[in-house]
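# Observations on the model geometry
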Amino acid sequence: MNELTVYHFMSDKLNLYSDIGNIIALKQRAKKRNIKLNVKEINETEGITFDDCDIFFIGGGSDREQALATKELTKIKTSLKNAIEDGMPGLTICGGYQFLGTKYITPDGTELEGLGVLDFYTESRTDRLTGDIVIESETFGTIVGFENHGGRTYHDYDTLGHVIHGYGNNDIDREEGIHYKNLLGSYLHGPILPKNHEMTDYLLEKACERKGISFEPKTLDNTEEEMAKKVLINRARSNKK
Ligand code: GLN
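Treat the numbers as computed from the prediction; the structure is a model and nothing was measured.

Rules used throughout
- Residues numbered from 1 in each chain as written.
- Predicted model: local features only at pLDDT ≥ 70, side-chain atom pairs only at ≥ 80, totals over all residues.
- Heavy atoms only, no water.
- Helix = DSSP H or I, 4+ residues; strand = E, 2+ residues; numbered from the N terminus.
- Rg over C-alpha atoms; globule rule 2.2 N^0.38 Å.
- Buried < 20%, exposed > 50% of the residue type's maximum accessible area, 1.4 Å probe, protein only.
- Areas by Shrake-Rupley, 256 points an atom, 1.4 Å probe, with all protein chains shown as cover.
- Lys, Arg positive; Asp, Glu negative; His and termini not counted.
- Charge placed at Lys NZ, Arg CZ, Asp CG, Glu CD.
- Core = buried A, V, L, I, M, F, W, Y, C linked by side-chain atoms within 4.5 Å.
- Contact = heavy atoms within 4.5 Å.
- Pairing = 2+ DSSP bridges.
- Axes fitted to C-alpha atoms, helices over the stretch in contact; angles between N-to-C directions.
- Disulfide = S-S within 2.5 Å.
- UniProt positions renumbered as here; feature names shortened; annotations may be inferred.
- Near = heavy atom within 4 Å.
- Polar contact = N/O pair within 3.5 Å; in protein donor to acceptor, adjacent residues only side chain to side chain.
- Nonpolar A, V, L, I, M, F, W, Y, C, P; charged D, E, K, R; others polar.

Along the chain, the regular secondary structure elements total seven helices and 12 strands. Against the 2.2 N^0.38 benchmark of 18 Å for 241 residues, the chain shows a C-alpha radius of gyration of 17 Å, consistent with a compact globule. In terms of overall dimensions, the chain has C-alpha extents of about 50 × 50 × 30 Å along its principal axes. Going through the 241 residues of the chain one by one, you find that 54% of them count as buried. Of the roughly 10800 Å² of accessible surface on the chain, a fraction of 48% belongs to carbon and sulfur atoms. Counting 30 positive and 39 negative side-chain charges, the chain places the averaged centre of each group 3 Å from the other.

Further remarks concern the nonpolar core. By size, the foremost hydrophobic cluster in this structure holds 59 residues, and its most contacted members are F9, F50, F56, L91 and M199. Ranked by the residues each element gives to this core, the list is headed by helix α6 (residues 197-211), at six residues. Contacts of F56, omitting those with residues within four sequence positions, involve Y7, F9, L80, I84, M88, P89, G90, L91, T92 and L183. Among the nonpolar cores identified, the runner-up in size contains five residues, and V134, V144, L232 and I233 belong to it.

Here the focus is the sheet that holds strand β12 (residues 183-186). One open sheet holds the six strands; their spatial order is β2-β1-β3-β4-β12-β11, and the pairing between them is mixed. Each having just a single partner strand, β2 (35-42) and β11 (178-180) make up the two edges of the open sheet. Across the sheet, the mean angle from the axis of one strand to that of its neighbour is 15°, orientation sign disregarded. Of the strand pairs in this sheet, strand β3 (residues 55-58) and strand β4 (residues 90-93) are connected by three bridges, and their pairing is parallel. Within the sheet, the bridge partner assigned to F56 lies in β4 and is G90. Sheet strands in contact with helix α1 (residues 21-31) are β1 (2-9), β2, β3 and β4, and its direction is about 160° off that of β2. The strands touched by α6 within the sheet are β1, β2, β3, β4, β11 and β12, with β1 carrying the most contacts at an inclination of about 120°.

Overall, the coordinates contain zero disulfides when judged by the stated rule. You can see C53 has no disulfide; the closest cysteine sulfur is in C208, sitting 14 Å from it.

In the numbering adopted here, UniProt assigns the feature "binding site: substrate" (unreviewed entry) to R128. Looking at the element boundaries, R128 is found in strand β7 (residues 121-137). R128 gets classed as partly exposed once you look at its relative accessible area, which sits at 48%.

Let's shift gears to the site of the ligand. Lining the immediate surroundings of the ligand are 16 residues, of which D63, C94, R128, G151 and H189 lie closest. In this structure, G95 approaches the ligand through a main-chain N or O atom, which is 3.1 Å from an oxygen atom. Between the ligand and N148 there is a distance of 3.1 Å, counted from a nitrogen atom to a backbone nitrogen or oxygen. In isolation the ligand offers 300 Å² of accessible surface; the protein chains occlude 98% of this area. Going through the elements one at a time, α2 (63-74), α4 (95-98) and β8 (141-154) are the ones with two or more residues in the shell around the ligand. In terms of residue count, the dominant contributor to the shell around the ligand is β8 (four residues). Taken together, the residues of the shell around the ligand break down into three nonpolar, 11 polar and two charged.

Below, the structure is given as C-alpha cells:
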C-alpha cells in the first residue's frame, strides 16, 4: 500500500474550531485512493527535518498560543521556508497562516516577530471578523468555511479566492488566504478540508506527484460533500454581510 506522511505542527496548541478535522479529511480521501496517511504530531521542533514529510499542516489558535507556537517554529524556520520553496504541499489556518509572515501586531500595538517565511504582515484589532464565509476560487471553485479573527492580513501574493460573503484576509480588499507554490493559507476554520474536497485532493495529489505514487481515482463521488456545501452557501447568503 502506498503511504504519505503528514507533519502536524503544534497540535497541542493550535486546534481552534476543530482544525483537527483537516487531518481526518486528508486521511479519508487518501484511504479512498488506497493510500495510508501517517500523521506525525510535532510539538517540539528541535532537530526536525522535512525529509519524511509529504504534507504539513498547522491549525489556528489564540494570540497567546500563537506566540508560543511561533517561538517553537522559529527553530526550524529556514527548513520550513526551504520545504515550501521546494513545493512541499501545506495547509496553514488562521494563526498558523498569520505567523508565516514577518510580523503580527496585537491590538495594543505590540509587534510580535513572525517566522518571515513569506513577506506579509498582520495587524490585529479588537473588533473581530466573524461568521460564515464563501469565496470563489479560480483553482478550487466555491470554498466555504467559518472565520473568527481579529487579525487583518495584507499581501500581494496570489490568494485562495475572492470573497463573496464574509471578510477574508482583511476588511478592505475582499480576498481570502494565500496560495504560494503548493502552500495554502487561509482564515477558514470549521474545519476547511471536509467542506472543500477540492482543496483536500489538491494537497494529496501534489504530495503524490512529488513522491511519484499514484493518485487514482482522480475524482471521487462527492455528492454528499456538495450537498453539505450547498447548505453552507445558502446559510451564508441568508446572513449576508
Ligand atoms: N489570533 C489570531 C486572530 O485573532 C488568530 C485566531 C485564529 O486562529 N482563529 O487574528
